[in-house]
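# Reading the structure
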Amino acid sequence: MTKNRDVSGILADVGLSETNSGSFNGNWVESGKERITSFSPVDGSRIAEVTVTERETYEQTVRKSIKAFEEWSMVPAPERGILIREIGNALRLNKEKLGRLVSLEVGKTKSEGEGEIQEMIDVADFAVGLSRQLYGLTMSSERTNHRMYEQWVPLGPISVISSFNFPCSVWSWNSFIAAVAGDTVIWKPSSKAPLTAIAVMKVVNGVVKRLGYPDIFSLVIGSGSSIGELISSDHRIKLVSFTGSIPSGKHISTVVSGRLGKTILELGGNNAAIVSSKSDLNIALKGVAFGALATAGQRCTSTRRAIVDSRIYDSFVEKLVKAYSSVRVGSPFEEGVLVGPLIDGKAVDGFLKAIDTAKKEGGKLLCGGTRLTVKGHEKGHYVTPAIIEASKGMTIDKTETFAPILYVYRYETLEEAMDIHNNVPQGLSSSIFSNDVREVEYFLSSRGSDCGIANVNTGTAGAEIGGAFGGEKETGGGRESGSDSWKNYMRRQTVTINYGKDLPLSQGVRFDV
Ligand code: NAD
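Not measured: the values here are computed from a predicted model.

Scanning the protein from N- to C-terminus turns up 13 helices and 26 strands. Computed over its C-alpha atoms, the radius of gyration of the protein comes to 24 Å, within 12% of the 24 Å expected for a compact globule of 513 residues. Taken across its 513 residues, the protein has 56% of its residues classed as buried. Taking contacts inside the protein between residues at least 6 apart in sequence as the whole, the part at least 24 apart equals 74%.

As structure tokens, this is what we get:
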């Protein structure tokens, strides 16, 4: 499969074997008889098996997580940061090996696979600094000899339910921040990428054990409808941070809010780039192509729509089609490949079905749109990335097809471009390519992009960890990773201290007894 390493070599490098426990709660638990097989999208082959977490083990995991929370939440935050610093260092040492496993299990190219681990390292660095900056505000009390301030208190055990396409970085966005905030974390990764989760947990928990901290990170593996439902309906889990599709997110949101629990929802996107005639077209071309093709269009921030100024539409689209024809699709282990496989056969079927619907709705297929057989990897899940000229009244372009399909639109005025841009249910990432300050400021105004992320002269994909990541509308409204997202993992407590010899009441209320 790879030039230098076979599958068993990749597994051995990260401490995995033919059959692996999918349950960690201080120890690896040989939980159940039921197993999940992890298949590689690269060639459709079976990689290894994972035992699914049984209900009893889940119960034990939650109880242990609560116990670990009691201890961990009392550790000073800067000291919690030291653990995360050491975890970041361990990930640095294992970056290449873990990156290779990501490529094998979800089909990311080498640089993207390693980028996934780099993102975890970046979040770890961020979390270390944050561990000394969990600030609250101080207010002036209206009462004499009173002090008022707010403090942030750890929340409790939380859970992270993650999607296949960021098989471990999404966990770290949540978990490293939650850990410095004093929470413990139960992770349910995607059943399509369980091995990456197990390998990461081995590295992370090796550090936790070595430094003698409580077992703050645990792992459960199983389907959304079994273990996922247990988590959503479990009142002991204070926050469910969910990353996945809009239908799953809507359901989880209903279940968790039904018990008045908290959620962070990071759901599907339908991201667009506006390309103005006043842009640097080389930057725009690269930004749109990378956004649409990276991770084979399987990023939540993938560019799914390009809205192009009619003055440059024909030449820009022609260049884009040409760029697509030069992009190599194939095994992520091969040098020069920029687009790997889709995750599974179902994803390929979804891609083909969307192309078919788009054509029926009047869309014009400009390139790609077919299943691709890659020599030596005949059972892999490859497609040729598609560009479709959108037609008026099309509906398929309003939904997220998690595959490399780019719809292109022509616009006459920026107002019209903005209408096309915002006329979808999702609101994750957006971008404009323009060197005209008026256009840029319009895009950034309240009449402009309605997304959680708005980029100028850089594409929709590839967010940095330092900003708060997330989207509006059906993307769910969640924010993770940078900025003040840490507040989601803590509860705010407003404190009033009376240090006087009287009991004055607020608003001048009198109560003389
Ligand atoms: P998915 O919704 O099929 O699964 C995501 C996770 O949810 C998995 O772990 C799955 O087992 C679990 N799940 C499913 N049903 C559940 C239930 N009833 N209860 C609890 N858990 C349940 O999504 P996917 O195919 O793995 O990932 C692709 C989707 O994720 C795309 O829509 C993509 O846009 C989205 N995504 C969003 C972001 C973001 O930050 N906004 C990031 C990555 C991926």
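Okay, the site of the ligand next. Among the 28 residues in the neighbourhood of the ligand, the closest are listed as S162, K188, S245, L267 and E400. Between an oxygen atom of the ligand and a side-chain N or O atom of K188, the distance comes to 2.8 Å. The backbone of L267 places a nitrogen or oxygen atom 2.7 Å from a nitrogen atom of the ligand. When the ligand is considered free in solution it has 850 Å² of accessible area, and contact with the protein chains removes 88% of it. Sorting the residues of the shell around the ligand by element identifies helix 7 (224–232), strand 11 (239–243) and helix 8 (246–258) as the ones contributing at least two each. A domain-level breakdown of the shell around the ligand finds at least three residues from each of domain 1 (58–267 + 476–493) and domain 2 (271–465).

Once that is clear, we can look at the side chain of S485. By secondary structure assignment, the location of S485 is in the loop between strand 25 (480–481) and strand 26 (490–498). Residue class for S485 comes out buried when judged on its relative accessible area of 2%. Aside from chain neighbours lying at most four places away, what touches S485 is A468, R479 and E480.

For the rest of this paragraph, the subject is the domain arrangement of the protein. Accessible area lost on assembly of the parts is the figure often given for the size of an interface. Splitting the protein by domain gives domain 1 (58–267 + 476–493) and domain 2 (271–465). One C-alpha centre belongs to domain 1, the other to domain 2, and the line joining them spans 31 Å. On the domain 2 side, the residues contacting the 24 residues of domain 1 number 19 residues. Together domain 1 and domain 2 conceal approximately 1,600 Å² of surface at their shared face, both sides included; 66% is due to carbon and sulfur atoms.

Let us now look at the packing of aromatic side chains. Per the counting criterion, the structure on display carries 10 aromatic pairs. Summarising the aromatic geometry, the rings of W152 and W486 are spaced 5.3 Å apart at their centres and angled 70 degrees between planes, so their arrangement reads as edge-to-face. Remark: W486 occurs in the loop between strand 25 and strand 26 and W152 occurs in strand 7 (residues 146–154); sequence separation between them is 334 residues. Owing to a relative accessible area of 11%, W152 belongs among the buried residues under this scheme. Taking 5.5 Å as the distance between ring centres and 75 degrees as the angle between the ring planes, the aromatic pair formed by W171 and F176 counts as edge-to-face. Given the relative accessible area of 1%, W171 is considered buried. Members of the aromatic cluster, connected to one another through ring pairs, are W171, F176, W187 and F217.

In space, the 3 strands of this open sheet follow the order 1-5-4, with mixed pairing throughout. In the strand order of this sheet, the two ends are held by strand 1 (19–21) and strand 4 (35–39), each with one partner. Pairwise comparison of adjacent strand axes, ignoring direction, gives a mean angle of 30 degrees for this sheet. Relative to strand 5 (residues 46–51), strand 4 runs antiparallel, the two being bridged by 5 bridges. Bridging across to strand 5, F39 finds its partner in R46.

This part is about the pairing of strand 19 (residues 405–411). Burial analysis of strand 19 places 6 of its 7 residues in the buried class, which makes it a mostly covered element. As paired strands, strand 14 (residues 303–309) and strand 19 are joined by 5 bridges and run parallel to one another. Within strand 19, the position partnered with I307 by the bridge is Y409. Across 4 bridges, strand 18 (residues 386–389) lies against strand 19 in parallel orientation. Paired with E389 across the strands is V408, a residue of strand 19.

A cluster of nonpolar side chains, L503, L505, V509, F511 and V513, forms an exposed patch at the surface whose accessible area comes to about 600 Å². Relative to the helices and strands, L505 is located in the segment after strand 26. With relative accessibility at 33%, the residue L505 sits in the partly exposed group.

I87, W171, F176 and F217 are the most contacted members of the largest nonpolar core, which has 130 residues in total. Ignoring anything within four residues of it in the chain, the contact list for W171 reads M120, V160, F176, V185, W187, V200, M201, V204 and F217. V62, I231, I237 and I246 belong to the second largest nonpolar core, which has 16 residues in total.

Below, the discussion takes up the pattern of salt bridges. Overall, the coordinates contain 29 salt bridges when judged by the stated rule. Among the salt bridges present, the one from E49 reaches R46, with a minimum N-O distance of 3.8 Å. Put simply, D450 and K473 hold a salt bridge, and the shortest N to O gap is 2.6 Å. Taken together, the residues D450 in the loop between helix 13 (437–443) and strand 22 (453–456) and K473 in strand 24 (residues 472–473) connect sequence positions 23 residues apart. By sharing partners, the salt bridges in this structure join E18, R35, R46 and E49 into a single network.

In this section: helix 6 (residues 194–210). Here helix 6 contains 17 residues, and its C-alpha end-to-end distance of 24 Å stays within 8% of the 24 Å for a straight helix at 1.5 Å per residue. Across the 17 residues of helix 6, 13 count as buried, placing the element largely inside the fold. Of the residues trailing helix 6, G212 is marked for its positive phi of about 75 degrees.

Analysis parameters
Residues numbered from 1 in each chain as written. Predicted model: local features only at pLDDT ≥ 70, side-chain atom pairs only at ≥ 80, totals over all residues. Heavy atoms only, no water. Helix = DSSP H or I, 4+ residues; strand = E, 2+ residues; numbered from the N terminus. Rg over C-alpha atoms; globule rule 2.2 N^0.38 Å. Buried < 20%, exposed > 50% of the residue type's maximum accessible area, 1.4 Å probe, protein only. Contact = heavy atoms within 4.5 Å. Near = heavy atom within 4 Å. Polar contact = N/O pair within 3.5 Å; in protein donor to acceptor, adjacent residues only side chain to side chain. Areas by Shrake-Rupley, 256 points an atom, 1.4 Å probe, with all protein chains shown as cover. Domains from an automatic or database assignment. Buried area = accessible area lost by both parts, 1.4 Å probe. Phe/Tyr/Trp six-rings, centres within 6.5 Å; stacked < 30°, edge-to-face > 60°. Pairing = 2+ DSSP bridges. Axes fitted to C-alpha atoms, helices over the stretch in contact; angles between N-to-C directions. Patch = residues over 30% accessible without salt bridge, like charges linked within 9 Å, V, L, I, M, F, W, Y side chains within 5 Å. Salt bridge = Lys/Arg side-chain N within 4 Å of Asp/Glu carboxyl O. Core = buried A, V, L, I, M, F, W, Y, C linked by side-chain atoms within 4.5 Å. Expected span 1.5 Å × (residues − 1).

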